Amino acid sequence: MAGAQGGWVLTATARSPTNIAVIKYWGKRDETLILPVNDSISVTLDPDHLSATTTVAVSPSFDRDRMWLNGTEISLSGGRFQNCLREIRQRARDVENKEKGIHIRKEDWEKLHVHIASYNNFPTAAGLASSAAGFACLVFTLAKLMNVSEDAAALSSIARQGSGSACRSLYGGFVKWVKGEAANGSDSIAVQLVDESYWNDLVVIIAVVSSRQKETSSTSGMRDSVVTSALLQHRAEVIVPSRILQMEEAIKNRNFGSFARLTCADSNQVINTVERWSQFEGAPQVAYTFDAGPNAVLIAPNREVASLLLQRLLFFFPPPPDTKLEGYMVGDTSILQEAGVHSAEDVASLPPPPETKDKNNVQKYPGSISYFICTRPGKGPILLSEDQSLIHPVTGMPK
Ligand SMILES: Nc1ncnc2c1ncn2[C@@H]1O[C@H](COP(=O)(O)OP(=O)(O)OP(=O)(O)O)[C@@H](O)[C@H]1O
Ligand SMILES: C[C@@](O)(CCOP(=O)(O)OP(=O)(O)O)CC(=O)O
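Residue numbers restart at each chain and count upward from 1, following the sequence in its written direction. Chains and ligands are labelled by the order in which they are written, letters from A for the one and numbers from 1 for the other. Note on the predicted model: pLDDT of at least 70 is required for a residue's local features to be given, and 80 or more for side-chain atom pairs to be given and counted; whole-chain, interface and lining totals, by contrast, use all residues. Think of the side-chain values as coming from all heavy atoms in the structure, minus any hydrogens and water.

Worth spelling out the cut-off: UniProt positions are given in the numbering used here, feature names are shortened, and annotations may be inferred rather than shown by experiment.
You'll find the protein chain entered in an unreviewed UniProt entry as Diphosphomevalonate decarboxylase, with Spirodela intermedia given as the organism. We quote the UniProt Sequence similarities (unreviewed entry) comment for the protein chain here in full: "Belongs to the diphosphomevalonate decarboxylase family." Comment text from UniProt for the protein chain, heading Catalytic activity (unreviewed entry), reads "(R)-5-diphosphomevalonate + ATP = isopentenyl diphosphate + ADP + phosphate + CO2".

Overview of the overall build of the protein chain
Where we set the bar: Helix and strand assignments come from DSSP, with helices taken as H or I runs of at least 4 residues and strands as E runs of at least 2, each series counted from the N terminus. Every radius of gyration here is taken over C-alpha atoms, with the globule rule written as 2.2 Å times N^0.38, N being the number of residues. For the exposure calls, accessible area comes from a 1.4 Å probe over protein chains only, and a residue counts as buried if that area is under 20% of its type's maximum, exposed if over 50%, partly exposed in between. Residues are treated as being in contact if the distance between any of their heavy atoms lies within 4.5 Å. Residue-level accessible areas treat just the shown protein chains as cover; the underlying method is Shrake-Rupley with a 1.4 Å probe. We score Asp and Glu as negative and Lys and Arg as positive, and we do not count His or the chain ends. Just so you know, the charge point we use is NZ for Lys, CZ for Arg, CG for Asp and CD for Glu.
The helix and strand tally for the protein chain stands at 10 helices and 19 strands. Since a compact globule built from 399 residues should have a radius of gyration of about 21 Å, the 22 Å found for the protein chain is in line with a globular shape. Classification of the 399 residues of the protein chain by burial places 52% in the buried group. By sequence separation, contacts in the protein chain at least 24 residues apart represent 74% of the contacts at least 6 residues apart. Element-wise, carbon and sulfur atoms account for 50% of the exposed surface of the protein chain, whose accessible area totals about 17400 Å². Within the protein chain, the 42 negative side-chain charges are centred at a point lying 2 Å from the centre of the 39 positive side-chain charges.

Thoughts on empty space enclosed by the protein
The cut-off we apply is this: Grid spacing is 1 Å over the protein atoms alone, the probe is 1.4 Å, and a cavity is where that probe fits but cannot get out, while a pocket is an open set with protein on both sides within 12 Å along at least five of seven lines and lining residues have an atom within 4 Å of a point. Grid points are joined across faces, edges and corners, and a volume is the space filled by probe spheres set on the points. Three categories are distinguished: nonpolar for Ala, Val, Leu, Ile, Met, Phe, Trp, Tyr, Cys and Pro, charged for Asp, Glu, Lys and Arg, and polar for the others, with Gly belonging to the last. Where each domain begins and ends follows an automated or database-derived domain assignment.
In total, this model carries 2 cavities of 30 Å³ or more according to the counting rule given. Quantified by volume, the largest cavity comes out at close to 90 Å³. Around the largest cavity sit 13 residues that line it, and Ile20, Gly127, Leu128, Ile206 and Val297 are the ones nearest its centre. Its residues assigned to classes, the lining of the largest cavity shows 8 nonpolar, 4 polar and 1 charged. Two domains share the lining of the largest cavity, each providing at least three of its residues, namely domain 1 (10-197 + 378-388) and domain 2 (203-375). Space inside the second largest cavity adds up to approximately 30 Å³. If you go around the second largest cavity, the residues you meet are Gly173, Phe174, Val194, Asp195, Glu196, Tyr198, Trp199 and Pro377. Among the residues making up the lining of the second largest cavity, the classes are represented as 5 nonpolar, 1 polar and 2 charged.

A word on the nonpolar core
The line we're drawing: Working definition of a nonpolar core: buried Ala, Val, Leu, Ile, Met, Phe, Trp, Tyr and Cys residues. They are joined through side-chain atoms within 4.5 Å.
Counting 66 residues, the largest nonpolar core has Ile206, Phe259, Ile299, Leu314 and Phe372 as the members making the most contacts within it. Counting residues per element, this core draws most heavily on helix 8 (residues 303-316), which supplies 8 residues. Not counting residues up to four positions away in its chain, the partners in contact with Phe372 are Ile205, Ile206, Ala207, Leu313, Leu314, Phe317, Tyr328, Met329 and Val330. Core analysis: the second largest hydrophobic core is formed by 44 residues, Leu10, Val56, Val95 and Tyr171 among them.

Side note on the sheet that holds strand 12 (residues 174-177)
Operational definition: Two strands are said to pair when DSSP picks up at least two bridges between them. Angles shown run from 0 to 180 degrees and are taken between the N-to-C directions of axes, each axis being a line fitted to C-alpha atoms and, for helices, limited to the stretch in contact.
Strand order in this open sheet of 4 strands is 2-5-12-13, and the pairing throughout is antiparallel. What marks the edges here is a single partner per strand, and that holds for strand 2 (19-23) and strand 13 (190-194). With strand direction ignored, the average angle separating the axes of adjacent strands in the sheet is 35°. Taken together, the 4 bridges between strand 2 and strand 5 (residues 40-44) define a ladder with antiparallel strand orientation. Looking at strand 5, one finds that Ile23 is bridged to Ile41.

Notes on helix 2 (residues 130-145)
The line we're drawing: Between the first and last residue of a helix there are one fewer steps than residues, each counted as 1.5 Å, and that sum is the expected span.
Relative to the 22 Å expected for 16 residues at 1.5 Å per residue, helix 2 spans 22 Å between its end C-alpha atoms, a close match to the ideal helical length. Among the 16 residues of helix 2, 14 are classified as buried, and the element is accordingly described as predominantly covered. Two residues or fewer past helix 2, Asn147 is found with a positive phi of approximately 60°.

Focus on the site of ligand 2
Our working definition: Near, as used in this document, describes a residue that has one of its heavy atoms within 4 Å of the molecule or strand being considered.
Residues in contact with ligand 2 amount to 17 residues; listed here are only the nearest, Tyr25, Lys28, Ser163, Ser165 and Thr219. A total of 460 Å² of accessible area belongs to ligand 2 in isolation, and the protein chains cover 94% of it. The biggest single contributor to the shell around ligand 2 is helix 4 (residues 218-228), with 3 residues. Class assignment for the residues of the shell around ligand 2 results in 6 nonpolar, 6 polar and 5 charged.

Concerning the packing of aromatic side chains
Let me state the cut-off plainly: Two aromatic rings, drawn from Phe, Tyr or Trp (for Trp, its six-membered ring), form a pair once their centres lie within 6.5 Å of each other, and the interplanar angle then sorts them: stacked below 30 degrees, edge-to-face above 60, tilted otherwise. Whether a charge sits over a ring depends on NZ of Lys or CZ of Arg being within 6 Å of the ring centre and within 35 degrees of the ring normal.
Applying the stated criterion across every chain yields a total of 9 aromatic pairs. Plain terms: the ring middles of Tyr25 and Trp177 are 4.6 Å apart, the flat faces sit at 65° to each other, and that makes the pair edge-to-face. Remark: Trp177 occurs in strand 12 and Tyr25 occurs in the loop between strand 2 and strand 3 (28-30); sequence separation between them is 152 residues. Each ring, one from Phe174 and one from Phe259, has its centre 5.9 Å from the other, and the planes form 85°; the classification is edge-to-face. One end of the pair, Phe174, is in strand 12; the other, Phe259, is in helix 6 (residues 256-265), and 85 residues separate them in sequence. Like Phe174, the residue Phe259 is buried in the burial classification. Through a chain of ring-to-ring contacts, the aromatic side chains of Phe174, Trp199, Phe256 and Phe259 assemble into a single cluster. We note Arg312 situated over the ring of Trp277; from NZ or CZ to the ring centre the distance is 4.0 Å.

Comments concerning the pattern of salt bridges
The cut-off we apply is this: The term salt bridge refers to a side-chain nitrogen of Lys or Arg lying within 4 Å of a carboxyl oxygen of Asp or Glu.
Inspection of the entire model under this criterion finds 19 salt bridges. Here Lys176 makes a salt bridge to Glu248, at a shortest N to O gap of 2.6 Å. Placement of the pair is Lys176 in strand 12 and Glu248 in helix 5 (residues 230-252), with a sequence separation of 72 residues. Judged by its relative accessible area of 15%, Lys176 falls in the buried class. Exposure remark for Glu248: the relative accessible area of 24% places this residue in the partly exposed category. Linking Arg312 and Glu355 is a salt bridge whose minimum nitrogen-to-oxygen distance equals 2.7 Å. Of this pair, Arg312 sits in helix 8 while Glu355 sits in the loop between helix 10 (344-348) and strand 18 (371-375); the two residues are 43 residues apart in sequence, bridging distant segments of the chain. Per residue, the accessibility class of Arg312 equals that of Glu355, and both read buried.

Written as structure tokens, this is what we have:
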């Protein structure tokens, strides 16, 4: 391997989105390869609001693989990280950087170590799919650094081995994870249904109930339900296949009524605010869904309806007394202006929504939501420039 006396550092940096499932992945048929019992469909969220950014650096001076997540060193010894690293290394090819005088041969990659630095621009392990963005980004960035030629579908099946839902974050827009049949998982991959521009009126509002780390991980929750639930098998074999077909139709036709009914039916909790409003109007107004955590994800068909939703959410779930509106809504905050809400005083003077039965006796829940994130469907992973690297180009350590 030629290089500047072995003292060089080469980096790649990329950003990958999270996704929220509208037909859920719940239950594995293989724990190690992470193979699901059913197909699932998700919408990728705008990486400006929810994403992981990862830099992978390689240098002959590194003596072992190391990783820092949100500034703290974490262990890479777990099977999930090891599987992703091994699969990408096996596909590494020659890399030449003439400017830096670096030439890495295909076979050198087995001996070279990497430093990985990553941060999430949203809470980690709080039910906002950080593992999805994180493993998609890790695999995508490693593949770029090591000049891997595999397409997004092949990379999705490697990201899947880090965290199941991560395979869907290799694409923007609406994405299907095909469960596959092969025992080795080769056909358990993600495919893009439509890109992010196809149904771009949608507005996604996430009510973050708690940004603390959640108590039950998706992995162990899923394991418990596969063991204990006959219903889960029925869901995988009978219910999900027809829902997947109907959901694909709904997305293709941008049929929000059908999309909302299917999304809510596939989630296991009820939001009174949404239910009352939809019943009052006689048609689904917004869709809601939950992952393993308590955070509600609400999908509105357009910005007008999103503004009406926000007025209701802020009416029932106002910020605690003496708190400012800034920080209570993050992401695309322009939606507040569209909802006519400019200050905490505006929130206090919101009228009860028309569907409220007893307008003089409404229960509000100040402080029960930490904050709201307003976002929209977004694009898949992108490569970032060297000046956005999280690793110092000379020391090879996190900046
Ligand atoms: N940026 C990242 N890069 C690599 N790995 C990450 C990253 N962020 C999170 N992870 C991994 O994902 C784990 C958290 O996954 P977990 O499934 O518990 O929570 P979550 O993905 O935030 O929530 P959920 O999957 O239920 O929506 C972390 O412990 C870490 O191993
Ligand atoms: C409820 C879900 O979000 C489950 C996500 O589970 P993970 O992908 O986090 O689980 P592992 O594969 O064990 O890492 C539904 C979904 O995203 O489809």
